[in-house]
Structure formats: structure tokens, C-alpha cells
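Okay, here's what each chain looks like letter by letter:
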Amino acid sequence: MTHARLPSEQPAIQVIAHRGASDDAPEHTLAAYRKAIEDGADALECDVRLTADGQLVCVHDRRVNRTSNGRGAVSALELADLAALDFGSWKDHEESPDWDPVPGELTSVLTLERLLELAHDVRATGRPLQLAIETKHPTRWAGQVEERLLDLLKRFGLDDPPAGEPSPVRVMSFSARSLYRVRAAAPNLPTVFLMQFVSPRLRDGRLPAGARIAGPGMRIVRNHPAYIERLHRAGHRVHVWTVNEPEDVELCARLGVEAIITNRPKQVLSQLGRS
């Protein structure tokens, strides 16, 4: 594999594990995140949804049908209901993994609280592991997701990072309103505005109020590389999702993006010369 070419003066691109090392393990399971940490990921990405009894869980879809053996909306189920489901057996492995997951961690629903505990334990060793937490929308719990998220971050001392120092947590969303809520309540938390397409009113590189970092999808980067340059000229950092193919990693490196969100952190780190 050829290494992506980076300008000598450019800082290393941050590699963020998308739903954990989700190419190797079932997404959003503790096993996937442990694998990402083992692989050397700089940060862990997760989606959060609120259960019927007010618990934040790491589940991407509105319903659990795709990633578990159950059915129904996350917002209509309690944590105990989710804990009874299998969130891992859906992923088909052609052969046994070359790593040993902890029993149960391949199949159990993961709460955000447990993921924060894992990240805290890693940081306690001196490794500066970060988290990128995405709030999902639309939701029946308008505003409550952000409120519960900030309450939980406050319990871990993560809601108010010192100005000028790297924050261990950033909040991401496709919803500008969600980021505005977060920014209003926790002004020092970095916020990432995720984009599936470029809105006409934002083509000049502006971001919505409340957003500090641009989060374009890889399709935008491929089709509109000049837009990445405009974002940089406007003073914004750029975090790109979901970057899995070598040619896409190469393009992101060439454009000077600050972070790559990928299902394959080990391979991307290797391509960037950081294995």
C-alpha cells in the first residue's frame, strides 16, 4: 500500500473510528470500540439516541431492526428491553477474527455512559483518546437528547474543556438546531455540522450558527473538492465521513482535511504512515 502524501508542514490527520472499528466488529458494540483503541484510533465516533426511560444508547438507526434481533423504535423501548436483544450476531464474519473480544461485548447494547467510562480509562493511561458524539434527528425527544448528553458529559467533567486546549469530546449533528442548543449550553465544546450535500446558502464556506467544524460526507469531497478549500479559507476545520477506500484517503490527505472518520482505522492509519 502506498502512503498518502502529506505536506511536511501539515499536522497529522486525526483518524476517528466510525461506530468503532465497525469493519471488523458489529457497529456500536464495546468490542468494536476496544478494537479501534487497539488499532490506534485517535478518536471514537458514536451515535446517540434516547430510550423511553431516558437513557442514552449508541444506536445509529431510529429502529433496532437492522442491527439487532428485535424490532421497534429506540425511543419506544426501555434500556432493559434493549439489553435483552442481540446487537452483534447480524454481522457475518467469513472467518473468526484475529483478535479476542471480551465475552458479551460483541452482542450487547452499549450505553454512552459505558463508552465514556472506557474512554476515561484509556485517557487515565496517558493516551489522549477523544470522542465524537453524534446526536440523531429527527426525534420524539426534541431538545432532551442534548440536555441528557450535556448532563452526562458534566458528570465526567467533559462539558467545559479549558479554552485553548484540545477537547476530549466534540458533538456532531446534521441538525443545526441541535448544535445551536449545545453551543448555547456549553460554549467551549467543539461542534461539527455534518453535511450530505452543500446547501446553496453555505456554498461560500459559511457554517450555521453554533457550528465550529465542517463535516462533509465523502461524496461532497469527491464531487466538490473546491468546497473543501473554501471551508479552509473561511477558517473552518474539516472532518470527513465515511472514508474507507484508499483513493478517498489519498484525496482527503491531498486536500488537507483535519480528520478522517472511517470504519477501518487500522488500514487508514497504515496508509497515512502511522501504523
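You'll find the structure just up there.
In short, a report on the structure. (Residues numbered from 1 in each chain as written. Predicted model: local features only at pLDDT ≥ 70, side-chain atom pairs only at ≥ 80, totals over all residues. Heavy atoms only, no water.)

## Description of the environment of Arg274
Next, step 1: Relative to the helices and strands, Arg274 is located in the segment after helix H9 (265-271).
Next, step 2: The partly exposed category is assigned to Arg274, whose relative accessible area is 34%.
Next, step 3: Within polar-contact distance, the side chain of Arg274 engages the side chain of Asp42 at 2.8 Å. (Helix = DSSP H or I, 4+ residues; strand = E, 2+ residues; numbered from the N terminus. Buried < 20%, exposed > 50% of the residue type's maximum accessible area, 1.4 Å probe, protein only. Polar contact = N/O pair within 3.5 Å; in protein donor to acceptor, adjacent residues only side chain to side chain.)

## Structural notes on the side chain of His236
Next, step 1: By the secondary structure assignment, His236 is in the loop between helix H7 (225-233) and strand E8 (237-240).
Next, step 2: Look at His236 and you get buried, because its relative accessible area is 16%.
Next, step 3: For His236, the side chain forms a polar contact with the main-chain oxygen of Gly205, separated by 3.2 Å.
Next, step 4: With residues up to four places along the chain from it excluded, the contact list for His236 reads Gly205, Arg206, Leu207, Arg212 and Leu231. (Contact = heavy atoms within 4.5 Å.)

## Things to note about the side chain of Thr29
Next, step 1: With respect to the element layout, Thr29 can be found in the loop between strand E1 (14-18) and helix H1 (30-39).
Next, step 2: Overall, the relative accessible area of 1% leaves Thr29 in the buried class.
Next, step 3: Non-local contacts of Thr29, meaning those with residues more than four positions away in its chain, are made with Phe87, Glu105, Leu106, Thr107, Ser108 and Leu110.

## What to know about empty space enclosed by the protein
Next, step 1: Scanning all chains against the criterion turns up one cavity of 30 Å³ or more.
Next, step 2: If you add up the space inside the largest cavity, you get close to 60 Å³.
Next, step 3: Along the walls of the largest cavity sit Glu27, His28, Cys58, Val59, His60, Thr67, Phe87, Ser108, Val109 and Leu110, which together make up its complete lining.
Next, step 4: Here the lining of the largest cavity is built from residues that sort into five nonpolar, four polar and one charged. (1 Å grid on protein atoms, 1.4 Å probe; cavity = no way out; pocket = protein on both sides within 12 Å on 5 of 7 lines; lining within 4 Å. Points joined across faces, edges and corners; volume = space filled by probe spheres on them. Nonpolar A, V, L, I, M, F, W, Y, C, P; charged D, E, K, R; others polar.)

## Digging into the pairing of strand E5 (residues 169-173)
Next, step 1: For E5, a buried count of five out of five residues is recorded, marking the element as mostly surrounded by other parts of the structure.
Next, step 2: The two faces of E5 match: Val169, Val171 and Ser173 on one face and Arg170 and Met172 on the other face are all buried.
Next, step 3: Two strands pair when backbone bridges link them, and strand E4 (residues 130-135) and E5 are joined in this way by four bridges, in the parallel orientation. Looking across to E5, one finds that Ile133 is bridged to Val171.
Next, step 4: The handedness of the E4 to E5 crossover, carried by helix H4 (residues 144-155), is right-handed.
Next, step 5: Looking at chain direction, E5 and strand E6 (residues 191-195) are connected through three bridges and run parallel. Counted as the bridge partner of Ser173 is Phe193 from E6. (Pairing = 2+ DSSP bridges. Right-handed = clockwise from strand over helix to strand, strands pointing away.)

Just distances and angles here, no functional claims.
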